[in-house]
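Okay, here's what each chain looks like letter by letter:
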Protein chains: 2
Amino acid sequence: MRTRSFLACVVAAALAALPAAAETPRGLIRGTGDLGIVIERANGGVVVVDTTTQTRLYAVDQLGDLSHASAVFSRDGRHAYVFGRDGGLSKVDLLRGEVAKRVVQAGNSIGGAISQDGRIVAVANYDPGGVRLFDADTLAPVSEIAARDAGGNRSKVVGLVDAPDDKLVFALYDAGEIWVADIADPARPTVVRHRGVGQLPYDGILSPNGRHYVAGLFGEDGVALLDLWQPGAGVRRILDGYGRGQEPLPVYKMPHLEGWASSGELGFIPAVGRHEVLVVSLTAWTELGRIPLLGQPVFAVARPDGRQVWVNFAHPHNDAVQVIDVPTRSIVATLRPGRAVLHVEFTPRGEQAWLSVRDADRVDVYDTRRLQRIAEISARKPSGIFFTARAGRIGY
Amino acid sequence: MRTRSFLACVVAAALAALPAAAETPRGLIRGTGDLGIVIERANGGVVVVDTTTQTRLYAVDQLGDLSHASAVFSRDGRHAYVFGRDGGLSKVDLLRGEVAKRVVQAGNSIGGAISQDGRIVAVANYDPGGVRLFDADTLAPVSEIAARDAGGNRSKVVGLVDAPDDKLVFALYDAGEIWVADIADPARPTVVRHRGVGQLPYDGILSPNGRHYVAGLFGEDGVALLDLWQPGAGVRRILDGYGRGQEPLPVYKMPHLEGWASSGELGFIPAVGRHEVLVVSLTAWTELGRIPLLGQPVFAVARPDGRQVWVNFAHPHNDAVQVIDVPTRSIVATLRPGRAVLHVEFTPRGEQAWLSVRDADRVDVYDTRRLQRIAEISARKPSGIFFTARAGRIGY
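Computed from a predicted structure; not experimentally measured.

**Q** It is not clear to me how the overall build of chain A should be interpreted in this structure. Could you clarify?
**A** The helix and strand tally for chain A stands at one helix and 32 strands. Against the 2.2 N^0.38 benchmark of 21 Å for 396 residues, chain A shows a C-alpha radius of gyration of 21 Å, consistent with a compact globule. Counting only C-alpha atoms and orienting by the principal axes, one finds that chain A spans roughly 70 × 50 × 40 Å. Burial statistics for chain A: of 396 residues in total, 59% are counted as buried.

**Q** Got a minute to help me understand the relation of the copies chain B and chain A in this structure?
**A** The two copies are related by a screw operation: chain B maps onto chain A through 180 degrees of rotation and 0.0 Å of translation along the axis, at an RMSD of 0.0 Å. What the rotation and shift describe, once combined, is the action of a two-fold rotation axis. No C-alpha of chain B approaches the rotation axis more nearly than that of Ile29 of chain B, which lies at 2.5 Å. Comparing contact sets, 100% of the residues at the interface of chain B also lie at the interface in chain A, consistent with an isologous, same-surface contact.

**Q** Help me understand the side chain of Arg30 of chain A in this model?
**A** As for its placement among the helices and strands, Arg30 of chain A is situated in the loop between helix 1 (2-22) and strand 1 (35-40). For Arg30 of chain A, the side chain forms a polar contact with the side chain of Asp34 of chain A, separated by 2.8 Å. Arg30 of chain A has contacts with Leu35, Asp50, Leu57 and Leu95 of chain A together with Arg30, Arg78 and Leu95 of chain B, leaving out every residue within four places of it along the chain.

**Q** Can you help me understand the pattern of salt bridges in this one?
**A** Any two side chains of opposite charge can pair, given that their charged atoms come close. In total, this model carries 60 salt bridges over all chains according to the counting rule given. For Asp185 of chain A, the salt bridge goes to Arg188 of chain A, with nearest N and O atoms at 3.1 Å. Using a relative accessible area of 34% as the deciding quantity, one classes Asp185 of chain A as partly exposed. Salt bridges linked by common partners bring Asp166, Lys167 and Asp182 of chain A together with Asp367, Arg369 and Arg370 of chain B together as one network.

**Q** Help me out: how do you make sense of the pairing of strand 9 (residues 120-127) of chain A in this one?
**A** Consecutive residues of a regular strand have side chains that alternate between opposite faces of the sheet. Residue and element names in this part refer to chain A. The buried fraction of strand 9 amounts to seven of the eight residues, a majority that puts the element mostly inside the structure. Sheet topology places strand 8 (residues 108-114) next to strand 9; five bridges connect them, and they run antiparallel. By the bridge assignment, Ile114 is partnered in strand 9 with Val121. Linking strand 8 back to strand 9 in an antiparallel pair, the connection comprises five residues, with Gly118 at a positive phi of about 80 degrees. For strand 9 and strand 10 (residues 129-135), the ladder comprises seven bridges, and the chain directions are antiparallel. Pairing of Tyr126 across the sheet is with Gly129, part of strand 10. The antiparallel hairpin formed by strand 9 and strand 10 contains one residue in its connecting segment.

**Q** Sorry if this is basic, but what is going on with the nonpolar core here?
**A** The tendency in soluble globular proteins is for nonpolar side chains to be buried side by side. Residue and element names in this part refer to chain A. Counting 33 residues, the largest nonpolar core has Phe170, Ile178 and Tyr213 as the members making the most contacts within it. For this core, the secondary structure elements donating two or more residues are strand 8, strand 9, strand 10, strand 12 (157-163), strand 13 (167-172), strand 14 (177-182), strand 17 (212-217) and strand 18 (223-227). The residues touching Ile178, leaving out its near neighbours within four places in the chain, are Val169, Phe170, Ala171, Val192, Arg193, His194, Val197, Tyr213, Ala215, Ala224, Leu226 and Val235.

**Q** Mind showing me how you'd approach the packing of aromatic side chains here?
**A** Aromatic ring pairs are described here by two measures, namely the spacing of the ring centres and the angle between the planes. Within this structure, the stated rule accounts for ten aromatic pairs over all chains. When the ring of Trp310 of chain B is compared with that of Phe346 of chain B, the centres are 5.8 Å apart and the planes differ by 90 degrees; the resulting orientation is edge-to-face. Here the residue Trp310 of chain B occupies a position in strand 25 (residues 308-313), and Phe346 of chain B occupies one in strand 28 (residues 341-346), the gap between them amounting to 36 residues. Across the pair, exposure class does not vary: Trp310 of chain B and Phe346 of chain B are buried alike. Ring-pair connections join several aromatic residues into one group, and the members of that group are Trp310, Phe346 and Tyr366 of chain A. If you follow Lys156 of chain A out to its NZ or CZ, it ends over the ring of Tyr126 of chain A, 5.8 Å from the centre. For Arg193 of chain B, the ring lying beneath its charged end belongs to Trp179 of chain B, and the centroid distance is 4.5 Å.

**Q** Sorry, what's going on with the interface of chain B and chain A here?
**A** Accessible area lost when the parts come together is the quantity often used to give the size of an interface. Of the residues lining the interface, 51 residues belong to chain B; the matching set on chain A comes to 51 residues. Between chain B and chain A, a total of about 4,200 Å² is buried, with carbon and sulfur atoms accounting for 45% of that surface. The interface formed by chain B and chain A includes twelve salt bridges. Here Arg303 of chain A ties to Asp165 of chain B by a salt bridge, and the two come within 3.0 Å at their closest N and O atoms. The tally of links from chain B across to chain A stands at 33 residue pairs in polar contact (both at pLDDT 80 or more).

**Q** Would you explain the sheet that holds strand 13 (residues 167-172) of chain B in this entry?
**A** All names here are of chain B. Pairing is antiparallel in the open sheet, where four strands are placed in the order 12-13-14-15. Single-partner strands in this sheet number two, and they are strand 12 (157-163) and strand 15 (190-194). Each strand of the sheet is rotated relative to its neighbour by a mean of 20 degrees, with strand direction disregarded. As judged from the five bridges shared by strand 12 and strand 13, these two strands associate in the antiparallel manner. Paired with Val157 across the strands is Leu172, a residue of strand 13.

**Q** Help me out: how do you make sense of the sheet that holds strand 24 (residues 297-302) of chain A in this one?
**A** The strands making up a sheet are joined through hydrogen bonds of the backbone, oriented either antiparallel or parallel. Residues and elements named next belong to chain A. Here we have four strands laid out as an open sheet, ordered 24-25-26-27, and antiparallel in their pairing. This sheet does not close on itself; its edge strands, each paired only once, are strand 24 and strand 27 (330-335). The sheet shows a mean angle of 25 degrees between the axes of neighbouring strands, direction not considered. Inspection of the sheet shows strand 26 (residues 321-325) paired to strand 27 by five bridges, in the antiparallel sense. What sits directly across from Val323, in strand 27, is Ala333.

**Q** I tried to follow the environment of Asp86 of chain A on my own but got confused; where do I start?
**A** Residue and element names in this part refer to chain A. Residue placement: Asp86 occurs in the loop between strand 5 (79-83) and strand 6 (88-93). For Asp86, a relative accessible area of 24% puts it in the partly exposed group. If we skip the residues at most four places from it in the chain, Asp86 touches Gly64, Asp65, Arg102, Val104, Ala106, Gly107 and Asn108. Of the polar contacts made by the side chain of Asp86, one reaches the backbone nitrogen of Asp65; its length is 3.0 Å.

**Q** Help me out: how do you make sense of unusual backbone geometry in this one?
**A** Residues and elements named next belong to chain A. In this model, Asp127 is joined to Pro128 through a cis peptide bond whose omega is -5 degrees. Positionally, Pro128 belongs in the loop between strand 9 and strand 10. Cis peptide bonds are those with omega within 30 degrees of zero, and the linkage from His315 to Pro316 qualifies with 5 degrees. Here the phi dihedral of Trp285 falls at roughly 60 degrees; this positive angle occurs in a residue that is not glycine. Inspection of the secondary structure puts Trp285 in the loop between strand 22 (276-281) and strand 23 (287-292).

What counts and what doesn't
- Residues numbered from 1 in each chain as written.
- Chains lettered and ligands numbered in written order.
- Predicted model: local features only at pLDDT ≥ 70, side-chain atom pairs only at ≥ 80, totals over all residues.
- Heavy atoms only, no water.
- Helix = DSSP H or I, 4+ residues; strand = E, 2+ residues; numbered from the N terminus.
- Rg over C-alpha atoms; globule rule 2.2 N^0.38 Å.
- Buried < 20%, exposed > 50% of the residue type's maximum accessible area, 1.4 Å probe, protein only.
- Least-squares fit on C-alpha atoms with pLDDT ≥ 70 in both.
- Contact = heavy atoms within 4.5 Å.
- Polar contact = N/O pair within 3.5 Å; in protein donor to acceptor, adjacent residues only side chain to side chain.
- Salt bridge = Lys/Arg side-chain N within 4 Å of Asp/Glu carboxyl O.
- Pairing = 2+ DSSP bridges.
- Core = buried A, V, L, I, M, F, W, Y, C linked by side-chain atoms within 4.5 Å.
- Phe/Tyr/Trp six-rings, centres within 6.5 Å; stacked < 30°, edge-to-face > 60°.
- Lys NZ or Arg CZ within 6 Å of the ring centre and 35° of its normal.
- Buried area = accessible area lost by both parts, 1.4 Å probe.
- Axes fitted to C-alpha atoms, helices over the stretch in contact; angles between N-to-C directions.

Right under this line is the structure:
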């Protein structure tokens, strides 16, 4: 009994000491280009991190339900906008380490985007289905795009991204449509609808240069492609055989389309339900080949220079990360960080890869040249990792 | 006499009032992702600017000879490293608006780079020829790469860039060589030399993904290309006919290679001495066509999404900027900001283009969608414009 309570005390003391020991003064004058956040999924908070020192700075809590949470950044890199599953939209001040604003804007939401000029934050909602626009400064509501199908029914919205020339692009899950909204006047958005793009688009991604929008289809094989430089040409179907119809294995987890890597002319796309990544031409939009993997991939993320692609996996292989060498299209390393590697984020110039290892309550930092772990950071059930360099990228 | 002294007083008061009226408090807690600097060429200083409010914040002076100056940024975006022509290396604190450190490290220099990990600032020197490495924090000297040819003579160094996996790449003007230095141990750099790449390489650029290094050759037609993914394949000659040998017009100004735009598969390269921009395949490295322009181009810069390319010109056409629409490869606008448009810099997501209009003592900010001027900022003889988003890019 004594031993047990002694152990319990040691554990409790260790847990209590952990954040305090790592605490950093808040509100310092410092640059924001090397900051980021790690979502603490179970805890409903984020940890603010520094990629130069590879350390945690401080925790910011009380952000609601952060299962499946994502984030975008203000154009100055000071604030993160965190999208919770419960419809919560939180504006986190990375320098002061506090919640600057918070609204619960819908009953159920699935990510968001920030407009090209940084003035508007948009949220993709399931309930009620549509996109709501907020002032990025105050989080005051600005307008709503109700995502109604031809019959007038609201649809869940997925795959919401910003695009050049004041655009937002998103897919209507229930309606099978892709919409391009012009929010130059955010109080009165105008929309171009692309109907009949395929059944049950479940996610969407923009190519790094902002030209091509691709939506995965849960309801059928193939993927829907829209060329934003030629919107009049409409949506076309590519990669027949990519979707869910043909897989011989049960699908443990739909791959996130945000994880599609691109490396020059080549895209590396997690196959659905298969132990493979597809190599795709990003000009012809055809499959060029497949690379065998040790499990079902979830994210395939290219190092910013495109020389490597890092892949994580669905259960039961989610303790591993495989690294693909792009020139040879071969696996050059199989890392075993620990149970439930949920996310991979590179520093903007690619020298570090950060991996969240959920079940170890840890984020690992790897040197991407040597493929060695160089630092570890404590975080409670970490999931998504987002660095401020995203503020300067298109399509997040 | 009274009138004259009254006028003189008014002018003096106006000049004195200009910086004071525009002055912003220094040392505020704020993000750095939307900051940048404008080189004040005649004045030996920089103006710190904010791209969100499109305003100048404050001037930082006493940086020496800033003719042909350039800059890179610390990985946190707080500091600019400004490379002067006189060998001066200045570390400017953008938040406090002051010179944090300054060294005069050589007699004559031509730009520099910051290592992938942000720890080392490197300067390309003419006199004595070579590359010197400095601690990015303290500016203390770390090591030197003496750029000696096969006969042991030092060469001027040009086209210095950072590259992935701890590399620096640069060209030896006098020796006709391209060197790739590994600075993982910055005190003891190791070098791979590529000899006989062509006569008088005068500048070099890295492709946006950090894979291809291209050096312009002043001494002959054509351009030298090194694929850093296949260094064993050596340097090859491309674009015969690009160089100086065939131009029927006098060359008023050699185009800056930093200005080569790339847009997906296509590169847009200022022709030397001709009123044209070359359209080049960035996979086959062959010329695909030419677009006629109103004068000799200096910079051709792609909007970050690659949809537009903006071109400025040598004297006597340096009052103009032409905008190329990439899908149609046609000129869609000819802007006339004023005499001596020296530089074009886009905000990282491309909604704004900033142009320095030297003889008007003004920087103009354009909305790139509408091709309209939306703001102007006073600056004394502005030349280069550099935004902190460069901190997250490869090859600057």
